[in-house]
Amino acid sequence: MVVMMNVYDEIAKERVIRTVASCSGITTITMDSKEGKLTVIGEFDEMQILKKLKKRWESAKMATFGPFDPKKEAETAAAAEKKKKEESEREALYRAQAYREIPICPMHHHTTFVCDHDHGCIIS
């Protein structure tokens, strides 16, 4: 069962996990507070969990429910990792291109002046 919630700090995350852990038949509980995604695995009553969560967090909504498939979870995790890698590569390429666009200016300017006087002074 996957539940989407608006939980962004560690204290609220711990409260959510404690609330769900009080239900019987749960094997695994994971919470990604950045995405607001709570994943519950086990043999349990999904409506009981959702009801408990909605008492304290009105934003709790069931995203998916079904039997746990480790192969599907692994594929999803691999796809997410690939997406993050592509995104970081794209950002690195953007930064490299932005760096190349900066014009390189010569550090030293050297100018020589020769006076028309008969004593032949040179200013550099």
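Look a little higher up for the structure.
Residues numbered from 1 in each chain as written. Predicted model: local features only at pLDDT ≥ 70, side-chain atom pairs only at ≥ 80, totals over all residues. Heavy atoms only, no water.

Trainee: Honestly, the nonpolar core in this entry has me stumped. Any pointers?
Mentor: Most often, soluble globular proteins have nonpolar side chains that are buried together. By size, the foremost hydrophobic cluster in this structure holds 17 residues, and its most contacted members are Val3, Met5, Val16, Leu38, Ile49 and Leu53. When contributions to this core are tallied by element, the ones reaching two or more residues are α1 (10-21), β3 (37-42) and α2 (46-56). Among residues more than four places away in sequence, those in contact with Leu53 are Val3, Met5, Val16, Thr19, Val20, Leu38 and Ala60. (Core = buried A, V, L, I, M, F, W, Y, C linked by side-chain atoms within 4.5 Å. Buried < 20%, exposed > 50% of the residue type's maximum accessible area, 1.4 Å probe, protein only. Helix = DSSP H or I, 4+ residues; strand = E, 2+ residues; numbered from the N terminus. Contact = heavy atoms within 4.5 Å.)

Trainee: Before we go on, may I ask you to explain the sheet that holds β3 in this structure?
Mentor: Backbone-to-backbone hydrogen bonds join strands into a sheet, with any given pair of strands oriented parallel or antiparallel. The four strands are arranged β2-β3-β1-β4 in an open sheet whose pairing can be described as antiparallel. The open sheet has two edge strands, β2 (26-32) and β4 (61-64), and neither has a second partner. Within this sheet the neighbouring strands show an average axis-to-axis angle of 25°, counted without direction. Where β2 and β3 come together, six bridges link them in antiparallel fashion. Its bridge partner lying in β3, Thr30 is registered against Thr39. Strands in contact with α1 are β2 and β3; relative to β2, the strand with the most contacts, it is inclined by about 160°. In the packing of α2 onto the sheet, contacts are made with β1 (2-4), β2, β3 and β4, and the angle to β4 comes to roughly 140°. (Pairing = 2+ DSSP bridges. Axes fitted to C-alpha atoms, helices over the stretch in contact; angles between N-to-C directions.)

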